[in-house]
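# Observations on the model geometry
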Amino acid sequence: MKPVISIFIFIWFFASCEIEPVSIDYGNDNCHYCNMTIVDRQHAAQLVTDKGRAYKFDAIECMLNYTRENTARPVSVYLVNDFKNPGKLIEATNATYLISPGIRSPMGANLSGFNSEQDARETQTNYNGTLYNWKQLVKYFKRKELHH
């Protein structure tokens, strides 16, 4: 194989494996975990594998349950919708989470993600509940199996 062709193939291969989220087509895309249609712009989530494959979820709890059951699949990016900015995906590992019976999420875990801790605390004031960071939330989900 000529060097120019092999360089082209090498560049094409790595360019085609970009680690980027894809847009969620609300009302049309299905959750990769529970297969329900994704309609809720405040609670949807997404993960992108190290190979660039995006998985969409109708709820944060579906993404967490999926990752708990699929530990062999390396994840590069976890994303959740910002509760205060519906439809806006934010980095899940930096988000603050609220589990509150006053805010229903699609699969019943009452779990919402926030881009800022201040937004989460303000929402907690109105709806009660418990705040978590990413590590605490993952640990919580490992202990508690949430069904869909």
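Our subject is the structure that appears above.
Residues numbered from 1 in each chain as written. Predicted model: local features only at pLDDT ≥ 70, side-chain atom pairs only at ≥ 80, totals over all residues. Heavy atoms only, no water.

With that settled, the discussion passes to the sheet that holds strand β2 (residues 54–57). Sheet strands pair via backbone hydrogen bonds, and the direction of the pair is either parallel or antiparallel. Pairing in this open sheet of four strands is antiparallel, and the strands run β2-β1-β3-β4 from one edge to the other. Where the open sheet ends on each side, the last strands, each with one partner, are β2 and β4 (85–91). Taken over all neighbouring pairs, the strand axes of this sheet differ in orientation by 20 degrees on average, direction set aside. Direction of pairing for strand β3 (residues 75–82) relative to β4: antiparallel, over a ladder of four bridges. Bridge pairing in β4 links leucine 79 to glutamate 91. Across the sheet, helix α2 (residues 60–69) is in contact with β1 (45–49), β2 and β3; its angle to β1 comes to roughly 30 degrees. (Pairing = 2+ DSSP bridges. Helix = DSSP H or I, 4+ residues; strand = E, 2+ residues; numbered from the N terminus. Axes fitted to C-alpha atoms, helices over the stretch in contact; angles between N-to-C directions. Contact = heavy atoms within 4.5 Å.)

Before going further, it helps to spend a moment on the nonpolar core. Of all hydrophobic cores here, the largest spans 31 residues; its most connected members are Phe57, Cys62, Met63, Val80, Tyr97, Leu111 and Leu137. Among the elements of the structure, β1, β2, α2, β5 (96–99) and α4 (134–143) are those that each provide at least two residues to this core. Ranked by residues supplied to this core, first place goes to α2 with five residues. With residues near it in sequence (within four places) discarded, phenylalanine 57 still touches Cys31, His32, Tyr33, Ile38, Ala44, Ala45, Gln46, Leu47, Cys62, Met63 and Tyr66. (Core = buried A, V, L, I, M, F, W, Y, C linked by side-chain atoms within 4.5 Å. Buried < 20%, exposed > 50% of the residue type's maximum accessible area, 1.4 Å probe, protein only.)

All right, on to the pairing of β3 then. Along any regular strand the residues' side chains alternate between the sheet's two faces. The pairing of β1 with β3 spans five bridges and is classified as antiparallel. The residue of β3 that forms the bridge with leucine 47 is tyrosine 78. Connecting the antiparallel pair β3 and β4 is a turn made up of two residues.

On to α4. Structural remark: α-helix, 3.6 residues per turn; residues separated by three or four positions point the same way. What α4 keeps buried is the set Trp134, Leu137, Tyr140 and Phe141. Viewed along the axis of α4, the buried residues span an arc of 125 degrees, placing them on a single side of the element. In this structure, α4 carries Lys135, Lys139, Lys142 and Arg143 as exposed residues pointing more than 90 degrees from its buried face. Elements that come into contact with the buried residues of α4 comprise α2, β3, β5, β6 (111–114) and β7 (130–132). (Arc of directions from axis to C-beta.)

Just distances and angles here, no functional claims.
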